[in-house]
Amino acid sequence: MDRFIIHGGHRLRGDIVIGGAKNAALKLLVAGLLTSERLVLRNVPRIADITTMRRLLEQHGVTVEDIEGDGGTLAIGGNITNTVAPYDIVSQMRASILVLGPLLARCGEARVSLPGGCAIGTRPVDMHLKGLEALGAEISLEGGYINARAPRGLVGDRIVLPFASVGATENLLMASCLARGRTEIINAAREPEIADLVACLNSMGARITGSGSGTLTIEGVEALHGTTHSVMPDRIECGTYACAAAITGGELRLIGGRADHLGAVVRTLEEAGVEVFQEDDALRVRRTGALRGVDIMTEPYPGFPTDMQAQFMAMLSVAEGASMVTETIFENRFMHVPELNRMGARINVHGSSAIIRGVHSLSGAPVMATDLRASFSLILAGLAAHGETILSRVYHLDRGYEAVERKLAQCGAQIERVKD
């Protein structure tokens, strides 16, 4: 099991290339199930979750081919021969639930294990199932599996989501592409990754309007065809490295970063005393003065993303004054707090809120990653801390960030990956 050893106290300066978005690429891979033709995806991140999704798609019978030899361009194609998504793969990654809609739409049946992933909350799949039932699916739960059938095919309907769920929006969106008639998804999630999925599906022959809004309208078609699509840059990776520049008092040029994708993250960085500039195809982030405490509440897009909460908490632990972070998306996403406190942070959790009282400096310590985003919050703390930080369980980090130690080291960080 790998660990990171970090010696903090160095300002980061230089360029970091932002990779393809994990939260877009996983769903785009699944979209390959909607056609027997070849879907080529460029700018695919080389991360563990992509490897897991490849395994899942391949066991459904489709091929996933590396066509440029570096894992960054993949081609998905072929006929589905198996409609069962097994527990041993689905339990590793929550995004696996997204094969349910495409399998059901294309094959008329699917048997999918209830999902796993990071232990940051229950994240029920009720909205996925109720939405598919509205489209005419027959669904039962048995032995930890979702059994879904649509022997007469799916039929469009009006679906109102009680919450702007990203996963439910994506699952229902893909299923609706091959349903008969018109489907409306009301209170759809508005994340940029969904707009990226819509763009790819429309390029495959889908008829979807309303991208970027809270209402998606889908006119079903009989079949989709292949296409070539480039995965959008990862806004969460970009925001994370922006926090690295901020917490170390450095300056980074994040190549591929887009301020219009980050929205509330950029505004909050600026409130905290961080300068953010869009320069053509890059985002420049720098801090020259002191960090200031700010209050944050996570919300569905375009609000502040829950996937940036842990990184900002690490940054705010060394800001002047007090900050409050309120988590409204997941009920168990403060597991990094005890580890930050081990490094000298002063954070108290009260229900769904955490009060952060900024300290002058952090101290290196042995810490343990608990989930994907929490992993990087501890790296950020280690970059700013005096002394040595040893971060264990970095397999969480490898699920969603590519070449972390290389990207940070080339900008002046002292970070090394070692094997136990």
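Reading guide: rules and limits
- Residues numbered from 1 in each chain as written.
- Predicted model: local features only at pLDDT ≥ 70, side-chain atom pairs only at ≥ 80, totals over all residues.
- Heavy atoms only, no water.
- Buried < 20%, exposed > 50% of the residue type's maximum accessible area, 1.4 Å probe, protein only.
- Helix = DSSP H or I, 4+ residues; strand = E, 2+ residues; numbered from the N terminus.
- Contact = heavy atoms within 4.5 Å.
- 1 Å grid on protein atoms, 1.4 Å probe; cavity = no way out; pocket = protein on both sides within 12 Å on 5 of 7 lines; lining within 4 Å.
- Points joined across faces, edges and corners; volume = space filled by probe spheres on them.
- Nonpolar A, V, L, I, M, F, W, Y, C, P; charged D, E, K, R; others polar.

Enquirer: Teacher, can you tell me more about helix 4 (residues 100-107) here?
Expert: Working note: α-helix, 3.6 residues per turn, so residues spaced by three or four point in the same direction. Judged by how many residues are buried, helix 4 sits mostly within the fold: six of eight residues are covered. Packing partners of the buried residues in helix 4 comprise helix 1 (22-31), strand 7 (109-113), helix 5 (126-134), strand 9 (145-149) and helix 6 (166-176). Among the residues trailing helix 4, Gly-108 stands out with phi positive, at a value near 85°.

Enquirer: Looking at this model, I keep getting lost on the environment of Leu-316. Mind explaining?
Expert: Tracing the backbone shows Leu-316 in helix 11 (residues 309-316). Separated by 40 residues in the primary sequence, Leu-316 and Ile-356 place their C-alpha atoms 7.0 Å from one another. Excluding anything up to four places from it in sequence, Leu-316 contacts Arg-292, Gly-293, Val-294, Ile-296, Ser-323, Val-325, Ile-356 and Gly-358.

Enquirer: Explanation requested: the environment of Gly-351 in the structure shown.
Expert: Mapped onto the secondary structure, Gly-351 falls in the loop between strand 20 (346-350) and strand 21 (353-357). A residue is classified by how much of its surface remains accessible, and Gly-351, at 67% relative accessible area, is exposed. Residues Gly-351 and Val-404, spaced 53 residues apart in sequence, show a C-alpha to C-alpha distance of 32 Å.

Enquirer: How do you make sense of the side chain of His-336 when you look at a structure like this?
Expert: Locating His-336 in the fold gives a position in the loop between strand 19 (322-326) and helix 12 (337-342). When sequence neighbours within four positions are dropped, the list of residues in contact with His-336 reads Gln-309, Ala-310, Met-313, Thr-370, Ala-374, Ser-377 and Leu-378.

Enquirer: Would you mind going over empty space enclosed by the protein with me for this structure?
Expert: Here the idea is plain: a probe the size of a water molecule rolls over the atoms and shows the empty space left. Under the definition given, this model contains one cavity of 30 Å³ or more. Here the largest cavity defines a volume of roughly 50 Å³. Gly-19, Gly-20, Pro-45, Ile-47, Asp-234, Glu-237, Gly-400, Tyr-401 and Glu-402 together form the lining of the largest cavity. A breakdown of the residues in the lining of the largest cavity according to their chemical character gives three nonpolar, three polar and three charged.

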